[in-house]
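Understanding the architecture of this molecule
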Amino acid sequence: MAIIYLYGPPASGKTTLGRRLAEALSWDFTDLDAEIVAHEGREIKDIFAKDGEKAFRLMEGEALARVTLNAKTSTVIALGGGTLLDDANRAFASEKGKIWCLDTPSKEEVARRIAAGGDTRPLGDMSAARAAHYASFPSRVAASFYLPGSLVVVGCALGDPRDFAPLVIADSTAASLHGVGGEKVFTIPSGEERKNLETVASIWRAFHSRGIGRRDMVAAFGGGVTGDLTGFAAATWMRGVPWINFPTTLLSMVDASTGGKTGCDLPEGKNLVGAFHAPRLVVIDSSRLSTLPARELRGGRAEMIKHDIIAGRDNGLANPIPSPIEIADNLSVKVGIVREDPFERTGRRILLNCGHTVGHALEIATGFAVSHGEAVAIGCVEEARLAVRLGLASAEWPERLAARFADAGLPTALPEGFTFDSLAPLMRGDKKRYGSSVTFALPCGPGDVRPIPCQL
Ligand SMILES: NC(=O)c1ccc[n+]([C@@H]2O[C@H](COP(=O)([O-])OP(=O)(O)OC[C@H]3O[C@@H](n4cnc5c(N)ncnc54)[C@H](O)[C@@H]3O)[C@@H](O)[C@H]2O)c1
Ligand SMILES: [Zn+2]
C-alpha cells in the first residue's frame, strides 16, 4: 500500500491533479480540506474567521493523521497549502508516504484558478519564507498534462516505479544504474536489436508467472524500446491490461512516451507490429537523465528541436540536461498535436514526422550506424533543402536549421557517399507512402511544417 501526498502553494492544482492521479492509478483519493469541512461541519473560511489559524492548524494535523491511518488501500491525498509548515506533520507525512510538491504557478494562473472557483482556502501570506518552504521539498511536479485516458506528470525525484505497480518491466541498463531490482522487476536486455517478438513473449511470460490479470497495473522503466515493448505486451495480454510508463531517456520523455503508440520490430522492418494503447500514467522524472550517455541526450535534443521547429520556437540550450520545465514546455507541442489526432486519422500527426522521411532512410542505409537522433537532425536539414527546391522556403532557412542542430552537437550533413537522390529508393519504402508519392512533413520555416506529397 502506498500514499502520495500532493503539496504546494494554494491554487497550484493539488486537488485537480490528485483526482486525476488517483483515477489513473485506480487508487483512492482524499482531499484534506474537504475532509476537514466534512468533519467540522463548516467551511474553512468560517473556521479561520471564528477560531483562528492556530486552531485550524490543529484540526488539519488531526485530519492528516486520520486520513493516513484510515487508508485501506493505496491513496492520493491532496494537502492544504500550509499543512506541512508544521514540523510534526511534515515528519509524519514523510514517513508514511511520498510527498510531491507542485511548483508555484504563475500569478496569472493563480488568478485564473481562483476566478474559476478552484480554491476555497484563504490565500494567506505567500512570502519569501513560504517559497523557501515549498522549495525545500525534493520531489517536485513542474507540470502535468491530461489526455483522454492518460495523465502525464513531469517533475524530478518522483519515486520508485515499484511503488506503483506489482510488476515493473525494466531496461537492464537503466535498472542497474538506478537500483530498480528485486522480485517485482523483470529486466529486459537493452537495445533496439532486442525490440522484437521474442522479448514481447518473454514479457507475456513474466505477466503469466506473476498472475497479472485484467485489473492489474504493469509498469515500464526504460527508454522508448522498453516503453514500446511493455505497452505492446500490455495491449495484447488478456486483450489489454493498464500500464504506467516511467521513461528514462530524453527521447522517450519528450517523444516516445506520449501518443499511445506501442509495438515491436520484425526482421522485415521497424515498428511493423503494434497497437494504440496509451499508458494510464506517464511519470517523467528528469533526475533519471543524470546517467544518460551524451549521445543519447543529443538524440533527445534532436526531437526537441523538431518540436521547436513545428511550434516556431527557438529555445536554445539552457542546460545540457533539460529541466522539468524545459521538458514539459517541449512536450506540450507533441501533446497538443496528439490531442487533435489521437489515432493518426486526421493527418495532423504527420507533422511529427518532420525530418523523419530522410532520417529513417539514412538510418537503414547506414545500417543504424547513424543514430535515430542524428538521422533526424540531418533529415530536417535535407528536407528543408527540398522545401527550398520546391519554392516553399527561403534560401537561408536550411542553414539556420543546421546551426541549431550543430549547437546541440548534432551532425547536419549527409555522411560521405550519400545524397538525397541515393536515399530516394529507401524513402519510397517509407510506410507513410500513399500511392506512388511520398508525403513529407516538410519544414518550410519556423512554425511552418507542411504535409507535402512528392514524386521521388
Ligand atoms: N511510441 C512512440 O510514439 C515512439 C516515438 C519515438 C520513438 N519510439 C521508439 O523509441 C525507441 C528509441 O527510444 P530511446 O532512444 O529511448 O532508446 P532505448 O530505449 O534503446 O534507450 C537508449 C539507450 O539508453 C539506455 N538507457 C535508458 N535509460 C537510461 C538511463 N537513465 N541512463 C543510462 N542509460 C539509459 C538504454 O539501455 C539504451 O541503451 C525506438 O525503438 C523508437 O522506435 C517510439
Ligand atoms: Zn523520432
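You'll find the structure just up there.
Here's what I pulled together on the structure shown here. (Residues numbered from 1 in each chain as written. Chains lettered and ligands numbered in written order. Predicted model: local features only at pLDDT ≥ 70, side-chain atom pairs only at ≥ 80, totals over all residues.)

1. Quick notes on the overall build of the protein
Helices and strands together make up the secondary structure of the protein, namely 16 helices and 16 strands. Across its three principal directions, the C-alpha atoms of the protein cover 80 × 50 × 35 Å. Looking at the 456 residues of the protein, the share that counts as buried comes to 45%. Partitioning the intrachain contacts of the protein with sequence separation of at least 6 by distance along the chain shows that 71% fall at a separation of at least 24. (Helix = DSSP H or I, 4+ residues; strand = E, 2+ residues; numbered from the N terminus. Buried ≥ 20, exposed ≤ 12 C-beta atoms within 10 Å, placed from the backbone. Contact = placed C-beta atoms within 7 Å.)

2. Section: the packing of helix α11 (residues 294-311) against helix α12 (residues 324-340)
Relative orientation of the contacting elements α11 and α12 amounts to 65°, with a least axis distance of 9 Å. For the crossing formed where α11 meets α12, the hand is left-handed. Residue-level contacts link Met304, His307, Ile310 and Ala311 of α11 to Asn330, Val333 and Lys334 of α12. Split into classes, the residues belonging to the contact of α11 with α12 amount to four nonpolar, two polar and one charged. (Axes fitted to C-alpha atoms, helices over the stretch in contact; angles between N-to-C directions. Left-handed = near helix turned anticlockwise from the far one by under 90°. Nonpolar A, V, L, I, M, F, W, Y, C, P; charged D, E, K, R; others polar.)

3. Details of the packing of helix α3 (residues 44-70) against helix α4 (residues 87-96)
Across the interface, α3 lies against α4 with an axial gap of 10 Å and an inter-helix angle of 15°. In terms of orientation, α3 lies roughly parallel with respect to α4. Crossing of α3 against α4: the hand is left-handed. Side by side, α3 and α4 meet where Gly61, Leu64, Ala65 and Thr68 of the first sit next to Ala88, Asn89, Phe92, Ala93 and Lys96 of the second. Classifying every residue of the contact of α3 with α4 gives five nonpolar, three polar and one charged. (Parallel < 35°, antiparallel > 145°, perpendicular 65-115°, else oblique.)

4. Focus: the site of ligand 1
Looking at ligand 1, there are 28 residues lining it, with Thr173, Ser190, Gly223, Gly224 and Thr249 nearest. Elements represented by at least two residues in the shell around ligand 1 include exactly α7 (172-177), α9 (224-236), α10 (250-256) and α11. Looking at the shell around ligand 1 residue by residue, the class counts come to six nonpolar, 14 polar and eight charged. (Near = placed C-beta within 6 Å.)

5. Brief notes about the pairing of strand β9 (residues 218-222)
Within β9, five of the five residues are buried, which leaves it mostly tucked inside the rest of the structure. Across four bridges, strand β7 (residues 167-171) lies against β9 in parallel orientation. Residue Leu167 lies in a different strand from β9, and its bridge partner there is Val218. With five bridges connecting them, β9 and strand β10 (residues 243-247) associate as parallel partners. When the sheet's bridge partners are listed, Gly222 is paired in β10 with Pro247. The parallel pair β9 and β10 is bridged by α9, and the resulting crossover is right-handed. (Pairing = 2+ DSSP bridges. Right-handed = clockwise from strand over helix to strand, strands pointing away.)

6. What to know about α12
Taking 1.5 Å as the rise per residue, α12 with 17 residues should run 24 Å; its terminal C-alpha atoms sit 24 Å apart, in good agreement. The sharpest bend along α12 comes to roughly 30°, located at Ser332. Buried within α12 are the following residues: Pro324, Ile327, Ala328, Asp329, Asn330, Leu331, Val333, Lys334, Ile337 and Val338. Tucked into the core, α12 has its buried residues touching β5 (140-147), β6 (150-156), α10, β13 (281-285) and α11. (Expected span 1.5 Å × (residues − 1). Bend = angle between axes of the 7 residues up to and from the residue.)

7. Re the nonpolar core
Formed by 119 residues in total, the largest nonpolar core has its most connected members in Leu6, Val218 and Ala219. At nine residues, helix α14 (residues 372-389) tops the list of elements feeding residues into this core. Residues in contact with Ala219, not counting those within four places in the same chain, are Pro161, Phe164, Ala165, Val168, Trp243, Ile244 and Phe246. (Core = buried A, V, L, I, M, F, W, Y, C linked by C-beta atoms within 7 Å.)

8. A look at the environment of Ala361
Note on placement: Ala361 falls in helix α13 (residues 356-365). We classify Ala361 as buried; it has 25 C-beta atoms within 10 Å. For the pair Ala361 and Gly155, spaced 206 residues apart in sequence, the C-alpha to C-alpha distance is 35 Å. Discounting residues that sit within four places of it in the chain, Ala361 has contacts with Leu423, Leu426 and Met427.

9. A closer look at the sheet that holds strand β8 (residues 185-188)
Within a sheet, neighbouring strands are paired by backbone hydrogen bonds and run either parallel or antiparallel to one another. The mixed open sheet is built from 11 strands, whose spatial order is β2-β3-β1-β4-β5-β6-β13-β10-β9-β7-β8. Either end of the sheet is taken by a strand with one partner, and the two such strands are β2 (28-31) and β8. Here the strands of the sheet are splayed against their neighbours by 25° on average, with no regard to which way each runs. The strands touched by α9 within the sheet are β7, β8, β9 and β10, with β9 carrying the most contacts at an inclination of about 165°.

10. Quick word on the environment of Glu35
Of note, Glu35 is situated in helix α2 (residues 32-40). As for Glu35 and Leu69, which are separated by 34 residues in sequence, their C-alpha atoms are 14 Å apart. Beyond its immediate chain neighbours, meaning those up to four positions away, Glu35 contacts Thr30, Ala63 and Val67.

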